[in-house]
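Breakdown of the fold
These are the residues of each chain, in order.
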Amino acid sequence: MTGSGTARRAVVLAASLLLLLGPSAADPAGAAPAGAVPRALHCAGPPAGCVDEATGVLRRLRDGLGCDHRAPFAAVYTRLEESLGAAVRAGAFEEPAWAAGSLNTGFLNRYLAAYHADRAGRPVPAAWRAAFDAARAGDLNGGQDVLLAANAHIQRDMPYVLAALGPSDAREPDYERVQAVLDRAYQPAVEDVARRYDPLLALGDARWNPIARPTAHELFHLWRATAWEHARRLAAAGSPAARRRAEDAIESNAARWAVLLGVPGLPGYRAGRDAYCRTHGGGRR
């Protein structure tokens, strides 16, 4: 496929997924105070309590970011945690201490580590660098901003978390059940991002773009399946060289997706996102 063909596909992908991820608004001066968001969670309690703690942290991060272009991802992540908490209480997992405790907490901690490292001016992985740089500068739409962050978090972070915990066959069904949590979080996330950050999202339903919803569903299934396979290779690495190859595959895959998703946006789009966010309260309820 030619470079122009790849670029066109990326534009279509970002546009069709706007209904899930939606335009946000950026305010570089509105970053969440470092003291308001912990650098890591150390949850040793019941799984539901671990999820509640994670949800609280994400709400503080989302609200503290205000109209910063990183806020919509935090908003979507918050909705996911709320859905996960409901699933845990409903008995959806065979091993809730793993799915909602160790896995969920470890996964969130990767995000917090990248967030704080970027705030402090320290190096972050290439996929996260693309996401944070895009949020700070340029006119990408909110869908691209959230996709860039989701790519870094799922395709780059998740394999390391899974490999450390053990991507066993017995745990794969619970890993797949988390996808159902993502699906349930879909509509609340759409409504939340539309209400807080950009009215364009309100047009993003099946009548307006009938392919968008299955495209989003397939994309996240693909990313999570890819993360599982990368985790298996990483966990099975029997030598330092094999581990380096597995890590290189993880990093390069996420970085390639970041390039694909970071196609230049519409000039001037940022101003409209920011104005709407300021008018509608941004991260404030």
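In what follows, the accompanying structure is described. Predicted model only: the values in this text are computed from it and were never measured.

**Topic: the overall build of the protein**
Looking only at helices and strands, one finds 11 helices and zero strands in the protein. When the elements of the protein are put in sequence order from the N terminus, they spell out α-α-α-α-α-α-α-α-α-α-α. Within the protein, the proportion of its 285 residues that are buried is 52%. Expressed as a percentage of contacts within the protein between residues at least 6 apart in sequence, the contacts between residues at least 24 apart total 84%. Of the roughly 12,100 Å² that the protein leaves accessible, carbon and sulfur atoms contribute 59%.

**Looking at the pattern of salt bridges**
Close approach of charged atoms allows side chains of opposite charge to pair. Scanning the model with the defined rule gives 22 salt bridges in all. Put simply, D133 and R136 hold a salt bridge, and the shortest N to O gap is 3.1 Å. Of this pair, D133 and R136 are both found in helix α6 (residues 126-136), three residues apart, which corresponds to roughly one turn of the helix. A salt bridge links R156 to D157, with the shortest nitrogen-to-oxygen separation between them at 3.2 Å. Here the two residues R156 and D157 agree in accessibility, since each one is buried. A single salt-bridge network, built from bridges that share partners, covers R59, R79, E82, D192, R195 and R196.

**Topic: the state of the cysteines**
Put plainly, a disulfide is one covalent bond tying together the sulfur atoms of two cysteines. Enumeration over the complete set of coordinates arrives at two disulfides. Put simply, C43 and C50 are joined by a disulfide, and their sulfur atoms are 2.0 Å apart. The disulfide joining C43 to C50 has a torsion of about -90 degrees about its S-S bond and is therefore left-handed. Look at C43 and you get partly exposed, because its relative accessible area is 25%. On the basis of relative accessibility, which here comes to 2%, the residue C50 falls in the buried class. Residue pairing for C67: its cysteine sulfur links by disulfide to C277, the two sulfurs lying 2.1 Å apart.

**Some remarks on the packing of aromatic side chains**
Two descriptors summarise a pair of aromatic rings, namely the distance from one centre to the other and the angle between the planes of the rings. Applying the stated criterion across every chain, the model contains 10 aromatic pairs. Ring geometry for F73 versus Y77: centroids 5.7 Å apart, planes at 55 degrees, classification tilted. Of this pair, F73 and Y77 are both found in helix α4 (residues 71-89), four residues apart, which corresponds to roughly one turn of the helix. Note on Y77: relative accessible area 3%, which makes it buried. Sitting above the plane of the Y175 ring, R224 keeps its charged end 3.9 Å from the centroid.

**Some remarks on the side chain of D192**
Positionally, D192 belongs in helix α8 (residues 172-196). Non-local contacts of D192, meaning those with residues more than four positions away in its chain, are made with R62, A75 and R79.

**Focus: the environment of L112**
Tracing the backbone shows L112 in helix α5 (residues 96-119). Overall, the relative accessible area of 0% leaves L112 in the buried class. Taking the C-alpha atoms as reference points, L112 and L41, separated by 71 residues in sequence, lie 9.1 Å from one another. Discounting residues that sit within four places of it in the chain, L112 has contacts with V37, P38, R39, A40 and V57.

The rules behind these values
- Think of each chain on its own: its residues are numbered from 1, step by step along the sequence as written.
- Local features are withheld for residues below a pLDDT of 70 in this predicted model, meaning they are given only at 70 or higher, and side-chain atom pairs are given and counted only at 80 or more; totals for whole chains, interfaces and linings count all residues.
- Heavy atoms throughout the structure, all of them, feed into the side-chain values; hydrogens and water do not.
- Strands are runs of DSSP state E lasting at least 2 residues, helices are runs of H or I lasting at least 4, and numbering of each runs from the N terminus.
- Using a 1.4 Å probe on the protein chains alone, a residue whose accessible area is under 20% of its type maximum counts as buried, one over 50% counts as exposed, and one in between counts as partly exposed.
- Whether two residues touch is decided by their heavy atoms; if any such pair falls within 4.5 Å, the residues are in contact.
- Values of accessible area rely on a 1.4 Å probe in the Shrake-Rupley scheme; residue burial ignores everything except the protein chains shown.
- Take a side-chain nitrogen of Lys or Arg and a carboxyl oxygen of Asp or Glu: if they are within 4 Å of each other, that pair is a salt bridge.
- In this description, the term disulfide denotes a pair of cysteine sulfurs within 2.5 Å.
- To pair, rings of Phe, Tyr and Trp, with the six-membered ring standing in for Trp, must have centres within 6.5 Å; the planes then decide the type, stacked if under 30 degrees apart, edge-to-face if over 60, and tilted in the middle.
- Should the NZ of a Lys or the CZ of an Arg lie within 6 Å of a ring centre and within 35 degrees of the ring normal, that charge is described as sitting over the ring.

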